[in-house]
Structure formats: structure tokens, C-alpha cells
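Spelled out, the chains give:
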Amino acid sequence: MTKNTKGYAAMGAKEKLVPYEFDRRELGAHDVALDVLYAGICHSDIHQVREEWGPALFPMVPGHEIAGIVSKVGTGVTKFKVGDKIGIGVFIDSCRKCSSCQRGLQQYCLEGMTGTYNGLERNGVTPAMGGYCDYFVINEDYAVHIPENLPLEGVAPLMCAGITLYSPIKHWDVGSGKKVAVMGLGGLGHMGVKFAAALGADVTVLSHSPGKKGDALAMGAHHFVDTSSEAAFAECAGTFDVILNTVSAELDINKYLNLLKLDGTLVVIGLPGKPYAVHVGSLLSGRRSIGGSMIGGIPELQEMLNLCGEKSIVSDVEVIKADYINEAYERTVASDVKYRFVIDAKTF
Ligand code: NAP
Ligand code: ZN
Ligand code: ZN
């Protein structure tokens, strides 16, 4: 019998992704079905396929930056209709009852959010399959509306990379009068630059790839610092109110803490998998803080998309065919992505 979904999966840790067919569930009363049109490649996909965050569930269809068109709605659906542009991010459900869920912060669900892949669906039985595919079924409460004027390929990365920077930017009040630095100009970092600049902050990119300077300034950054030069750290000491760390690799966090002003905060967003060694002196000497932030909840995701619609903000993408996924992984790890790979779902 033919399966209803075509995609790409990793069949084991560190293995290359291969074509894979599977069945999504029948539409429930509060489910919507969508034709996936684009799926972004997040570095978190690579960390999980390669088990850099610990043991993973295989076969794994990664992908949590999903943009598509609603093709069918369940009998009880009120939020969407057939033909709507729809987005899905890093989780597909949560407990809905805990204090975090009640506040719309489903990513911090006290029972644990139900991830889009690499775990079980809410029923505790079915392995959740992610967005590298052509078809998806999701409960309407965990999907969002995409503004009509935005191109779907540029929107897909907003579902993780976008919200993951938008949320801390709002939480730490990055905007006019604030000096913010974005560490790493990759998928997440470039969205941080766009949002922080749109909200009026003075934006510096801290990058180990000097060739990205022109792009950083074109995206709205005011300054670009090449961190491969040690002198840069002395020059920028004590400069920033907030540093948003999106770097996917291990690094000496103390060098970056010293770039904070009095009372500044370094927000950890990148998740390399190994702990940072923090010298407490780097914190004490300027009453500095380290914070962390994980994606964003459904209300904030919709708020961000509405703002993107108003200001025409989308991700800078390189659209690829499905058979290029493995090469795209290698290029992402080598920091050679401008600035997000997005898979054209017609090619699955
Ligand atoms: P990405 O596109 O690969 O970007 C990461 C950037 O980090 C690179 O472009 C590079 O920027 C910099 N970098 C990489 N290796 C480096 C090294 N050895 N030294 C210094 N800088 C280096 O990855 P992404 O998709 O944006 O994800 C970034 C990280 O955030 C990943 O660890 C991912 O798992 C994590 N993440 C977290 C959340 C969350 O909710 N907190 C959500 C999504 C992803 P330059 O070339 O400019 O230096
Ligand atoms: Zn992601
Ligand atoms: Zn909850």
C-alpha cells in the first residue's frame, strides 16, 4: 500500500539522510492537514541526527521550520480554512494545563513540550516525524497563520530561527538605546540582526567569518567584528548591554562575557552539547548575568509573524532540492550557509 507522506529520514546516528515514506495520522476533529511547501534546515536538526545531544529516535525525519498551505480541516477546526498559509515550528503539542502553557509559553511546558520530531507524539506511542516531507497533520492550536504578503520559502526559517531570536530580543528589551551583539551570523544570528535592527537597537555582529561583513551590514548591522582577531576582544571590552550567543560550536565564553557593560546579560541560545567553563570573575566584575532562551510560544510566534508581515522581514535563504540535504548539512557545519538552507518540498 502506498504511504501518504514522502520525505527524507536518517535511519541511524550519523548516517546520511535518504528518501523515506511513511503514514501520517487520519485527520482528527481539531486537526488540519497541509501540503508542506518548504522546510528549513536548522543546526538543531544536524545536532540531533548526529546524536550530539544524546541518544535519538530513528528513523528520524528532521525539520521544524515548516511552511505550507492548508489542504483539509477537521470538523471542529475554527482557526484555519483550506488554502490558508500555515506555519509549524519546534513543537506540535504540550500539556495545555501547566502554568507555562496557560501563559502561552508552551516551549517551557512543565511536562515537556511535544517536539516536532525525535520523540513521541502526545499519545505516547507514535514517533513524531518532522518537516522534511510533503505532508503534515497537526492540531490547529499548535500551528500559526503566515501573512499573505510574505514568500513561504523566506518564512519557513522564521518558525525556529526567527522566533528563537525574536523571543529573547523582546524579553531582554533589545531596542532603541540598547547596544546588542549577535554572536554568529548563521541561520539564527541573521534573524537576530534583522529583528534587533528593526526594533532600533545598535547592532554589532561578532563573527569568525570576515567574509560575512558586507552581508551583515546589508541586513541592518551597524558594526562587524572579526572574532578571529584577538585584538577585537580588547577593543570591544565593556561595550554591550546584551549579547545573543547563537554559536553552534564550543568556545571560550569568558572572552565574550568581558564584552558586556555593567549589568549586561549574555543570552545563551546556541546549544553545542558540551558545558561552558565560566570563570565567575567574568560575572562578578560587572554584575553580569548569563541567561538562556529557547524558541518561543504560539502567541509570540504569531506576534512575530505579524510584525514580519508589516515590516516585510524574511530569512535570506538558499532553496535546495531534497537530494542536496546531506551536502547542505556539511556546508552548514562549515559556516558556509547564506543564511538558511530551505528544502523545496516538491522535490521529495
Ligand atoms: P548555523 O546556521 O550553523 O549558525 C551558527 C553560526 O555559528 C555559524 O554560521 C558561525 O557564524 C558560528 N560558528 C560556527 N562554528 C563556529 C566556531 N567554531 N567558532 C565560532 N563561531 C562559530 O546554526 P543555527 O541553525 O543558527 O543554530 C545555532 C545554534 O543554535 C545551534 O547550536 C542550534 O542547535 C541552536 N538552536 C537553539 C535554539 C534555542 O531554542 N535556543 C533554537 C534553534 C537552534 P560566523 O561564521 O558568523 O562566525
Ligand atoms: Zn531549530
Ligand atoms: Zn504544559
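Everything below is about the structure shown above.
Residues numbered from 1 in each chain as written. Chains lettered and ligands numbered in written order. Predicted model: local features only at pLDDT ≥ 70, side-chain atom pairs only at ≥ 80, totals over all residues. Heavy atoms only, no water.

(A) Examining the side chain of Ser94 more closely. Take Ser94: it is sitting in the loop between β6 (91-93) and α2 (99-102). A polar side-chain atom of Ser94 sits 2.7 Å from a polar atom in the side chain of Tyr142. With sequence-adjacent residues up to four places away left out, Ser94 is seen in contact with Cys101, Gln106, Cys109, Met113, Thr114, Arg122 and Tyr142. (Helix = DSSP H or I, 4+ residues; strand = E, 2+ residues; numbered from the N terminus. Polar contact = N/O pair within 3.5 Å; in protein donor to acceptor, adjacent residues only side chain to side chain. Contact = heavy atoms within 4.5 Å.)

(B) Quick peek at the coordination of the zinc ion (ligand 3). Coordination of the zinc ion (ligand 3) by the protein comes from Cys95 (SG), Cys98 (SG), Cys101 (SG) and Cys109 (SG), over a distance range of 2.3 to 2.4 Å. For the zinc ion (ligand 3), the four donor atoms in the first shell make angles of 104 to 118° at the metal, so the coordination geometry reads as tetrahedral. Spacing between the donor residues of the zinc ion (ligand 3) along their common chain follows C-x2-C-x2-C-x7-C. You can call Cys95 buried: its relative accessible area is 9%. Residue Cys98 is classed as buried on the basis of its relative accessible area of 11%. (Donors = N, O, S within 2.8 Å, 3.2 Å for Na, K, Ca; no water. Tetrahedral: all angles 85-135°; square planar, octahedral: opposite > 155°, others 65-115°. Buried < 20%, exposed > 50% of the residue type's maximum accessible area, 1.4 Å probe, protein only.)

(C) Fine view of the site of ligand 1. In the vicinity of ligand 1 lie 29 residues, with His43, Ser207, His208, Ser209 and Arg340 positioned nearest. In the model, an oxygen atom of ligand 1 is placed 2.8 Å from a nitrogen or oxygen of the His47 side chain. Here Ser293 contributes a backbone N or O atom positioned 2.9 Å from a nitrogen atom of ligand 1. When isolated, ligand 1 has an accessible area of 920 Å², and the protein chains bury 91% of it. Where the shell around ligand 1 is concerned, the elements lending two or more residues are α1 (43-49) and α5 (187-198). Element by element, the count of residues in the shell around ligand 1 is highest for α1, at three residues. Counting only domains with at least three residues in the shell around ligand 1, you end up with domain 1 (3-160 + 315-347) and domain 2 (162-292). (Near = heavy atom within 4 Å. Areas by Shrake-Rupley, 256 points an atom, 1.4 Å probe, with all protein chains shown as cover. Domains from an automatic or database assignment.)

Taken by themselves, the reported measurements are silent on function.
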